[in-house]
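# Structural overview
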Amino acid sequence: MRKPRIVVIGGGAASAAALAELRKHGFDGDITLVSAENTVPYERPPLSKGFLLGTSGQVPVKDAAWYERESVELLLGSRATRLDLAARTVTLSGGAVLGYDQLLLATGVRPRVLPGLDGDGVCYLRTGEDAVALRERMTAAGHVAVLGGGFIGCEVAAAAIGLGKRATILEALPTLLHRALGPELGDVVAGIHRDQGVDVRTGQQVLGVGPRPGGGVRISTAAGDVDADVLVVGVGTVPNTELAEQAGLPASHGIEVDACFATAAPGVYAIGDVAAQHLPEHGRRVRVEHHDTALRHGRVAARNMLGRREPFGDVHWFWSDQFEHTISSAGLSDGTGPLIIRGSLEQCSFSAFSLDGDRVRAVISLNRPKDVLDARRLIARDHSATAGQLRDESLPLKRLAAPAVTAT
């Protein structure tokens, strides 16, 4: 009797988590992992932090021996080019055709590439190969410029300063991390970077990039030229939905999935950065590009592929290390309404809460990881909170949770 076969497309952390969960829960059929990269799935967060500083290597989620031990077939350096939902087959770049009983799409995202921003001296950061090339360039550079003041841009600039380089951030919006944190908190992060020696230039309109006489790059902006040895472009990402779209799956801003990660096609699931899941409490589809979320996507999707009907309801969480500071967040905010501050913006020790009525929807913290841990638990439970309670540092956040109901 033929064993059932699961094919996983994409070699990120979400895939590795799903594979481990499948074997953990007793799936003894065939598993094939298809990845365009030439290495087993690895941790991406260190690539813009410790890897650039030389304090961390490329860390696999599971080492190569695990895949052999668990009988997972690895097709590395191979791309899926065509998906036939009716025949349940995937065609690979080398021409091979794989049949599947169930398919897991974890195709991730790629850096957004701006027209004209390429050539020698211009770098993007997503893969391990990208990180190796960037580390070599940064080691030899005197001045590192970054286009984009999001998390990648801020972390790369922090790494450049840590390596003893000059660093300049060029950001079109009014402050750093504007979309993620908003103007008030973004200004705090910009202040941290300036205090560490980063030349932070916000409201910058980049007109073009070209070679600098003598080597390096010249970035032309409306406010003047910036010369650097290397330019790192971090202006967002694009979900890799082409395979799903070719097959006719709904994928306007990501591959659309239900609460259990099932797509519109029977037996086909999608997880990780590319998955657009409808969140009823927010009234919209959301893609979450965070490492921890990707891992938990993989575990829940694997259990659903094995016959469960387990909706994903975990509270989203992420972190970013910049210099000696840690930014962390839990939940998802719609960006409306005032922030309730617990702690001190001036002392760079605070948590900023978003309230929806009497419920905490999200928290963003600087150097207060315990607040985020407590708020993450709070968001997942029935609770009631006021702005005054959240500001009161003498009141433990866990006290805001409703008492647990015990069976009688």
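Residues numbered from 1 in each chain as written. Predicted model: local features only at pLDDT ≥ 70, side-chain atom pairs only at ≥ 80, totals over all residues. Heavy atoms only, no water.

## Considerations on the overall build of the chain
- Check the secondary structure of the chain and you find 10 helices and 26 strands.
- For 408 residues, the compact-globule formula gives about 22 Å, and the C-alpha radius of gyration of the chain, at 23 Å, lands near that figure.
- Considered along the principal axes of its C-alpha atoms, the chain spans approximately 70 × 65 × 35 Å.
- Out of the 408 residues in the chain, the part that is buried amounts to 49%.
- Expressed as a percentage of contacts within the chain between residues at least 6 apart in sequence, the contacts between residues at least 24 apart total 58%.
- Only carbon and sulfur atoms are counted for the fraction: they give 50% of the accessible area of the chain, which is about 18,300 Å².
- Taking the average location of the 43 positive side-chain charges in the chain and that of its 46 negative ones, the two points are 3 Å from each other. (Helix = DSSP H or I, 4+ residues; strand = E, 2+ residues; numbered from the N terminus. Rg over C-alpha atoms; globule rule 2.2 N^0.38 Å. Buried < 20%, exposed > 50% of the residue type's maximum accessible area, 1.4 Å probe, protein only. Contact = heavy atoms within 4.5 Å. Areas by Shrake-Rupley, 256 points an atom, 1.4 Å probe, with all protein chains shown as cover. Lys, Arg positive; Asp, Glu negative; His and termini not counted. Charge placed at Lys NZ, Arg CZ, Asp CG, Glu CD.)

## Structural notes on unusual backbone geometry
- Positive phi, close to 50°, is recorded for Leu177, a residue that is not glycine.
- On the accessibility criterion, Leu177 (3% relative accessible area) is buried.

## Notes on the sheet that holds strand 11 (residues 166–171)
- The strand order across the open sheet built from five strands is 9-16-10-11-12, with neighbouring strands paired in parallel fashion. Because the sheet does not close on itself, it has two edges, and the strands there are strand 9 (122–123) and strand 12 (199–202).
- Across the sheet, helix 4 (residues 128–140) is in contact with strand 9, strand 10 (143–147) and strand 16 (230–233); its angle to strand 16 comes to roughly 145°. (Pairing = 2+ DSSP bridges. Axes fitted to C-alpha atoms, helices over the stretch in contact; angles between N-to-C directions.)

## So, the pattern of salt bridges
- All chains considered together, the criterion is met by 23 salt bridges.
- For the salt bridge of Glu21 with Arg303, the shortest nitrogen-to-oxygen distance reads 2.6 Å. Taken together, the residues Glu21 in helix 1 (residues 13–24) and Arg303 in helix 8 (residues 291–305) connect sequence positions 282 residues apart. Each of the two residues, Glu21 as well as Arg303, counts as buried.
- Between Glu289 and Arg287 there is a salt bridge, with the nearest N and O atoms lying 3.0 Å from each other.
- Residue classification places Glu289 among the partly exposed residues on the basis of a relative accessible area of 30%.
- A relative accessible area of 24% means that Arg287 is categorised as partly exposed.
- Through salt bridges that share partners, Glu21, Arg303, Arg308 and Glu310 make up one connected network. (Salt bridge = Lys/Arg side-chain N within 4 Å of Asp/Glu carboxyl O.)

## Some points on the environment of Val72
- Tracing the backbone through its elements, the reader meets Val72 in strand 3 (residues 72–76).
- Separated by 44 residues in the primary sequence, Val72 and Gly116 place their C-alpha atoms 41 Å from one another.
- Residues contacting Val72, with those up to four places away along its chain left out, are Leu19, Ile31, Leu33, Trp66 and Tyr67.

## Quick word on the state of the cysteines
- Applying the stated criterion to the full structure yields zero disulfides.
- No disulfide involves Cys154; its nearest neighbouring cysteine sulfur is the one of Cys348, lying 13 Å away.
- Looking at Cys154, the relative accessible area reads 0%, which means it is buried. (Disulfide = S-S within 2.5 Å.)

## Here's the deal with the side chain of Asp371
- Mapped onto the secondary structure, Asp371 falls in helix 9 (residues 369–379).
- Those residues within four positions of Asp371 in sequence are excluded, and the remaining contacts are Arg342, Ser351 and Leu397.

## Notes on the pairing of strand 23 (residues 325–331)
- Counting buried residues along strand 23, six of its seven residues qualify, which places the element largely inside the surrounding structure.
- Sheet analysis places strand 22 (residues 317–322) next to strand 23, joined by six bridges and oriented antiparallel. Looking across to strand 23, one finds that Trp319 is bridged to Ser328.

## Remarks on helix 6 (residues 178–195)
- If you check helix 6, its first and last C-alpha atoms are just 19 Å apart, much less than what 18 residues at 1.5 Å a residue would give, namely 26 Å.
- Taking the largest bend as the criterion, helix 6 deviates by roughly 90°, centred on Glu184.
- Residues of helix 6 that are buried: Leu181, Gly182, Leu185, Gly186, Val188, Val189, Ala190, Ile192 and His193.
- One or two positions beyond helix 6, positive phi appears at Gly197, with a value near 105°. (Expected span 1.5 Å × (residues − 1). Bend = angle between axes of the 7 residues up to and from the residue.)

## Remarks on the environment of Phe51
- Following the sequence through the fold, Phe51 ends up in helix 2 (residues 50–53).
- Take Phe51: its relative accessible area is 4%, and that puts it in the buried class.
- Note: C-alpha distance between Phe51 and Val274 (223 residues apart in sequence) is 25 Å.
- Sequence-distant contacts of Phe51, that is, excluding residues within four places in its chain, are made with Pro46, Ser56, Gly57, Gln58, Ala131, Val132 and Arg135.

## Description of the packing of aromatic side chains
- Under the definition given, this model contains four aromatic pairs.
- With a centroid separation of 5.0 Å and an interplanar angle of 90°, the aromatic rings of Trp66 and Tyr67 are classed as edge-to-face. This pair shows no difference in class: Trp66 is buried, exactly as Tyr67 is.
- Of note, Arg135 hangs over the ring of Phe51, and the distance from its end group to the ring centre comes to 4.0 Å. (Phe/Tyr/Trp six-rings, centres within 6.5 Å; stacked < 30°, edge-to-face > 60°. Lys NZ or Arg CZ within 6 Å of the ring centre and 35° of its normal.)

## So, the sheet that holds strand 1 (residues 5–9)
- Pairing within the open sheet is parallel, and its five strands lie in the order 3-2-1-7-19. Looking at the sheet topology across the chains shown, the edges are occupied by strand 3 and strand 19 (268–270). Between one strand axis and the next, the sheet turns by 15° as a mean value, whatever way the strands run.
- Relative to strand 3, strand 2 (residues 30–35) is paired through five bridges, and the arrangement is parallel. What sits directly across from Ile31, in strand 3, is Val72.
- Strands in contact with helix 1 are strand 1, strand 2, strand 3 and strand 7 (102–105); relative to strand 2, the strand with the most contacts, it is inclined by about 175°.
- Running at roughly 165° to strand 7, helix 8 makes contact with strand 1, strand 7 and strand 19 of the sheet.

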